[in-house]
Amino acid sequence: MSNIAQDDAIIRPPAIGTRIWNSTSRILHKLADEPLGMIGFIILAILVVVAIFAPLIAPYDPAAQTLSDALQPPSFAHLAGTDEFGRDIFSRLVHGTRITIQTVLSVSVIVGPIGLVIGVVAGFFGGRTDAILMRATDIVLSFPSLILALAFAAALGAGLGTAIVAISLTAWPPIARLARAEALVVRNADYVAAARLYGASPLRILFLYIAPMCIPSVIVRLTLNMAGIILTAASLGFLGLGAQPPLPEWGAMISSGRKFMLDYWWVAVMPGLAILLTSLAFNIAGDTLRDLLDPRHARS
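Residues numbered from 1 in each chain as written. Predicted model: local features only at pLDDT ≥ 70, side-chain atom pairs only at ≥ 80, totals over all residues. Heavy atoms only, no water.

## What about the overall build of the protein chain?
So, step 1. Across its full length, the protein chain holds 12 helices and 0 strands.
So, step 2. If you list the helices and strands of the protein chain from N to C, you get α-α-α-α-α-α-α-α-α-α-α-α.
So, step 3. Taking all 300 residues of the protein chain together, 45% fall into the buried category.
So, step 4. Of all intrachain contacts in the protein chain linking residues separated by at least 6 positions in sequence, the fraction that spans at least 24 positions is 71%.
So, step 5. A total accessible area of about 15,600 Å² is found for the protein chain, and carbon and sulfur atoms account for 69% of it. (Helix = DSSP H or I, 4+ residues; strand = E, 2+ residues; numbered from the N terminus. Buried < 20%, exposed > 50% of the residue type's maximum accessible area, 1.4 Å probe, protein only. Contact = heavy atoms within 4.5 Å. Areas by Shrake-Rupley, 256 points an atom, 1.4 Å probe, with all protein chains shown as cover.)

## Brief notes about the environment of Thr 97
So, step 1. Tracing the sequence through the fold places Thr 97 in helix α5 (residues 89–125).
So, step 2. When the C-alpha positions of Thr 97 and Trp 250 are compared, they lie 8.3 Å apart, and in sequence the two are 153 residues distant.
So, step 3. With near-sequence residues (within four places) excluded, Thr 97 lies in contact with Leu 47, Val 50, Ala 51 and Trp 250.

## Notes on the packing of helix α3 (residues 35–52) against α5
So, step 1. In contact at an axis separation of 8 Å, α3 and α5 are set at 110 degrees when each is read in the N-to-C sense. In this view, α3 runs roughly perpendicular relative to α5, as classed from their interaxial angle. Contacts between α3 and α5 pair Leu 47, Val 50, Ala 51 and Ile 52 from the former with Val 94, Thr 97, Arg 98 and Ile 101 from the latter. (Axes fitted to C-alpha atoms, helices over the stretch in contact; angles between N-to-C directions. Parallel < 35°, antiparallel > 145°, perpendicular 65-115°, else oblique.)

## A look at the confidence of the model for the protein chain
So, step 1. Looking at the protein chain, the pLDDT average stands at 84 and 87% of residues meet or exceed 70.
So, step 2. A low-confidence stretch, residues 4–11 stays under pLDDT 50, and its non-local contacts, those more than four residues away or across chains, total 8 contacts.
So, step 3. When the criterion is pLDDT under 50, residues 295–300 qualifies, and its contacts beyond four places in sequence or with other chains add up to 7 contacts. (pLDDT = per-residue confidence, 0-100.)

## With respect to the pattern of salt bridges
So, step 1. Taken as a whole and assessed by the stated rule, the structure comprises 4 salt bridges.
So, step 2. Note that Asp 138 and Arg 135 form a salt bridge whose closest N and O atoms lie 2.8 Å from each other. Placement of both Asp 138 and Arg 135 in helix α6 (residues 127–141) is noted, with a separation of 3 residues, approximately one turn of the helix.
So, step 3. Asp 138 sits in the partly exposed class, given a relative accessible area of 28%.
So, step 4. Across the pair Asp 138 and Arg 177 runs a salt bridge whose closest N-O atoms are separated by 3.0 Å. Residue Asp 138 is found in helix α6, and its partner Arg 177 is found in helix α8 (residues 160–186); the two are separated by 39 residues along the sequence.
So, step 5. By sharing partners, the salt bridges in this structure join Arg 135, Asp 138 and Arg 177 into a single network. (Salt bridge = Lys/Arg side-chain N within 4 Å of Asp/Glu carboxyl O.)

## Comments concerning α3
So, step 1. Taking 1.5 Å of rise per residue, the 18 residues of α3 would be expected to cover 26 Å, and the 26 Å separating its terminal C-alpha atoms lies within 8% of that figure.
So, step 2. Along α3, the positions that sit buried rather than exposed are Gly 37, Gly 40, Leu 44, Leu 47, Val 50 and Ala 51. Angularly, the buried residues of α3 cover 145 degrees about the axis, an arc narrow enough to put them on a single face. Of the exposed residues in α3, the ones pointing more than 90 degrees away from its buried face are Pro 35 and Ile 52. (Expected span 1.5 Å × (residues − 1). Arc of directions from axis to C-beta.)

## Considering the side chain of Thr 82
So, step 1. Examined against the element boundaries, Thr 82 turns out to sit in the loop between α4 (54–57) and α5.
So, step 2. In this structure the side chain of Thr 82 is engaged in a polar contact, spanning 2.6 Å, whose partner is the backbone oxygen of Asp 69.
So, step 3. Within the structure, the side chain of Thr 82 is placed 2.6 Å from the backbone nitrogen of Gln 72, a separation counted as a polar contact.
So, step 4. Aside from chain neighbours lying at most four places away, what touches Thr 82 is Asp 69, Ala 70, Leu 71, Gln 72, Arg 87, Asp 88, Ile 89, Trp 266 and Val 267. (Polar contact = N/O pair within 3.5 Å; in protein donor to acceptor, adjacent residues only side chain to side chain.)

Shown next, in the form of C-alpha cells:
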C-alpha cells in the first residue's frame, strides 16, 4: 500500500489550489523586501478602486459641457483643468480609468488562454503540430503589433470593442512562444513520464499536468504586456479607431487636446501623465512579479 501511495504521489502534480496558495504566500512575504514593486502594486490597486467607484470619485459628470468654463487651468474647482468644451478633465480621467482597466483585463482574458493553449499544444506534441502552430505565430510576430492592430481596427470599424479585438489578435504570439518553451521543459518532468506509464491520455497530461505548470509564467508575461496594451489602446484612441466620443478615453483626450498644447498644455498633458503612470505601474509590477516567481531572475 505504501508503494502504491508513493507511485500515486509521483504521477500527481501539486494541486492547483495548493500551488496558488503557496505562491501567493511566498509573493506577499517577499514583496515586503521590494519597496519599488510594492509601490507599483499599490498604484494598480488604487487604479482598480478608482475604476470601480468612478461615479463616486469624479466631482463632475465627465460628459457635461460648460462652455463658460472652457480651457480653465488647474485649480481647486477643477484639479486638472477643463477642456475646450468646459468638461472637467479630472472627472474624465477618473472615468477613463474604467475604460483602460476594462481594455487591459479584456485583452488579457482573451490572449492568455489562447496563447497558453497554442503554446502548450505545440510544445507537448512537437513535430508537425509544433511547426504549423509556430509558423503561424511567427507570421503574426513578423508584423509590428501597432500596425497590425491598426489594420484590424480599420477593417472592423472604430469602437472600444473593436479595439479590444484588434489588440487581442496581435497580442497572443508572445504568450504562445513562452508557453511552448515552458511546455518543452515540463513535458520531460518525472511525474509526466510516470503519468504516461500509468496510461494517462495525452489530453489529460496536457491540461492537468503541463498547462497548470505554465500558468505562473503566462501571468507574469501578461502583466508585463499590459503596459503595451495600454499604449496600443491609447494609440488607437488617438487615431480615432478606439473608444468614440463622448467616452473619456485617454488617447482620444490627447488627440483632441493636441491642438491646444502651446497655450493650454493641461488638456493633453494630464491624460498623457495618466497613461505614463499606469504603464509604469504595470511595468514595475510585472518586473517584480517575474523576480518573485522565477528564481533565475531573483535579485541578489
